[in-house]
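Here is how the chains run, residue by residue.
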Amino acid sequence: MSDNQSSVRASWLGAWRHAHEEDTSSEMVFRHLDVDLPPSRGRMGFTLHPNGSATFSMPGRDDRGMQSDALWHVVGANGLRVESVDSQQILLQGIVVQCDEERMLLKPLH
């Protein structure tokens, strides 16, 4: 991995939550956890750690958050995949179009 790729991937690290009100027809928008977002009945989110571990969160049936341990991988040049620890379920997958200190733009792959 080149130094530039390492620094780009380093910008992916940390806690992110889905700012669905900012989504476009082709991209999902994620904001760092410390960014104030409007009230919502629940937001999907994830935390990426340098060692490849992750935490994935999503609203439960009663709108309370549910968290699960996960793993994250770089796929290709800018692909991000978050999967269950047993690798049986892909929780989130997409191409990182942009990522900086303010937001991550992810083009989902279904």
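Residues numbered from 1 in each chain as written. Predicted model: local features only at pLDDT ≥ 70, side-chain atom pairs only at ≥ 80, totals over all residues. Heavy atoms only, no water.

### Thoughts on the side chain of serine 84
Now for step 1: Inspection of the secondary structure puts serine 84 in strand 6 (residues 79-84).
Now for step 2: At a separation of 3.2 Å, a polar atom in the side chain of serine 84 contacts the main-chain amide nitrogen of glutamine 88.
Now for step 3: Filtering out sequence-adjacent residues up to four positions away, serine 84 remains in contact with Asp69, Ala70, Leu71, Gln89 and Leu91. (Helix = DSSP H or I, 4+ residues; strand = E, 2+ residues; numbered from the N terminus. Polar contact = N/O pair within 3.5 Å; in protein donor to acceptor, adjacent residues only side chain to side chain. Contact = heavy atoms within 4.5 Å.)

### Structural notes on the packing of aromatic side chains
Geometry of an aromatic ring pair is reported as the spacing of the ring centres plus the angle between the planes.
Now for step 1: All chains considered together, the criterion is met by two aromatic pairs.
Now for step 2: On the basis of an interplanar angle of 50 degrees and a centroid distance of 6.3 Å, the ring pair of tryptophan 12 and tryptophan 72 is categorised as tilted. Highlighted residues: tryptophan 12 in the loop between helix 1 (3-10) and strand 1 (14-18) and tryptophan 72 in strand 5 (residues 65-75), separated in sequence by 60 residues.
Now for step 3: Among the residues examined, tryptophan 72 registers a relative accessible area of 11% and is labelled buried.
Now for step 4: One residue, arginine 9, lies across the ring of tryptophan 12, its end atom 5.3 Å from the ring centre. (Phe/Tyr/Trp six-rings, centres within 6.5 Å; stacked < 30°, edge-to-face > 60°. Buried < 20%, exposed > 50% of the residue type's maximum accessible area, 1.4 Å probe, protein only. Lys NZ or Arg CZ within 6 Å of the ring centre and 35° of its normal.)

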